[in-house]
Amino acid sequence: MWKDRVIGGEIISEYLMEARKLTKEFEVSVGMFKSRAKIRAVDEVSFGIKEGEQIALVGESGCGKSTLGRLLLGLIKPSSGQILYKGRNIWRLSRKEFEEFRRNAQIIPQNPYDALNPTKKLSAALIPQILRHKIAKGRSEARKMALDLLEMVGLSPPEDFIDRYPSRLSGGQMQRVVIARAISVKPQFIVADEAVSMLDASLRVEILDMMHKIGEELKTTFLLITHDLGVARYFAKNGKIAIMYLGDIVEIGETEEIIRNPLHPYTKALLAAIPVPDPKIARERKSIPLKSIDVPSLLKPISGCKFHTRCPYAIEDCEKIKPELRLVGNRWVACHLT
Ligand SMILES: Nc1ncnc2c1ncn2[C@@H]1O[C@H](COP(=O)(O)OP(=O)(O)O)[C@@H](O)[C@H]1O
Ligand SMILES: [Mg+2]
């Protein structure tokens, strides 16, 4: 699903970040005797994210979202396939180029408590990396920048916060600091992995709004990982949604199009689970009876389309042939029936 332009022997990708047949296998131990088995957390995933795009990656727990996010950031190595940053394979970059990529690709993790050192003041969480990446000329400029960042993420007045320890902050405030730290090095790409799932509903909206605004103002490309389609829709209102199921991306397209007219049966099922104000739409959505509500285990590979064991529309081909992502109108769908 990519278009290449080759100029002077260099591949020019139209995407900022791109996955090509990206696969990650993990070895796990199973059962009483701890026998070794392999699972495919990410299974030949191909897709691209354009510069400035805000995209939400959605799927049930265990379907491989975090693994895909970590692969895109270069935090773990793929078993096979490629990750391209501006058209270049990140695992073939020189050391210096790889460091530059890592600065440009930041993570906002789920749990801010793990991300911040409790023995260090916020100044120490922000200033050293601004200096290390030469974003500021000296210490006083870096401190000024740190204050601006705190203000930007809504910790105001920042002078009241910069010399505090994380233990004196609420969960929501800590998540703001983590966001400030991620944007402090002026990255082009940010993966926010379930960054709001530990927060209560009203805070969640505030933080999503803030990330959305930062994305637009700083022109940062954002991938928000979430198990909650409602959160995905809210964050990526002007962007895209990618739906993941057992290691595959099964549908990807513009958010409102996906919400209004989901094409993949799995997307339909996910949508049926979120409340909608319009009763007519709600009735149509409810009429998708899954054959099973349980997510199958990755330990037993499923032939053909991995969703066939739960899909009410599955035909014989679905058990045998794995559907590839195909362009349908303006969107990509992996289903034999669309
Ligand atoms: N480091 C690891 N070692 C072994 N298995 C892993 C590891 N990381 C993830 N997994 C497995 O890979 C699958 C996908 O996990 P993950 O990417 O965390 O899913 P999600 O973020 O969608 O919940 C799960 O079955 C998980 O147990
Ligand atoms: Mg996860």
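As a reminder, the structure under discussion sits directly above these lines.
Values in this document were obtained by computation on a predicted structure and should not be read as measured data.

Draft legend 1. Spotlight on the sheet that holds strand β4 (residues 35–49). Within the open sheet, the four strands sit side by side as β4-β3-β6-β7. Their pairing is antiparallel. Looking along the sheet, the strands with just one partner apiece sit at the ends: β4 and β7 (88–89). Here eleven bridges tie strand β3 (residues 17–30) to β4, and the two strands are oriented antiparallel to one another. Bridge pairing in β4 links F26 to I39. Across the sheet, helix α1 (residues 65–72) is in contact with β3, β4 and β6 (80–85); its angle to β4 comes to roughly 60 degrees.

Draft legend 2. Region of the structure containing the site of ligand 1. Lining the immediate environment of ligand 1, one finds 13 residues, of which G62, G64, K65, S66 and T67 sit closest. At 2.9 Å from an oxygen atom of ligand 1 is found a side-chain nitrogen or oxygen belonging to S66. Here T67 contributes a side-chain N or O atom positioned 2.5 Å from an oxygen atom of ligand 1. About the coverage of ligand 1: the protein hides 61% of its 560 Å² of free accessible area. Looking at the shell around ligand 1, the elements that each hand over two or more residues are β3, β4 and α1. For the shell around ligand 1, the leading source of residues is α1, giving three residues. For the shell around ligand 1, the class distribution of residues is six nonpolar, five polar and two charged.

Reading guide: rules and limits
Residues numbered from 1 in each chain as written. Chains lettered and ligands numbered in written order. Predicted model: local features only at pLDDT ≥ 70, side-chain atom pairs only at ≥ 80, totals over all residues. Heavy atoms only, no water. Pairing = 2+ DSSP bridges. Helix = DSSP H or I, 4+ residues; strand = E, 2+ residues; numbered from the N terminus. Contact = heavy atoms within 4.5 Å. Axes fitted to C-alpha atoms, helices over the stretch in contact; angles between N-to-C directions. Near = heavy atom within 4 Å. Polar contact = N/O pair within 3.5 Å; in protein donor to acceptor, adjacent residues only side chain to side chain. Areas by Shrake-Rupley, 256 points an atom, 1.4 Å probe, with all protein chains shown as cover. Nonpolar A, V, L, I, M, F, W, Y, C, P; charged D, E, K, R; others polar.

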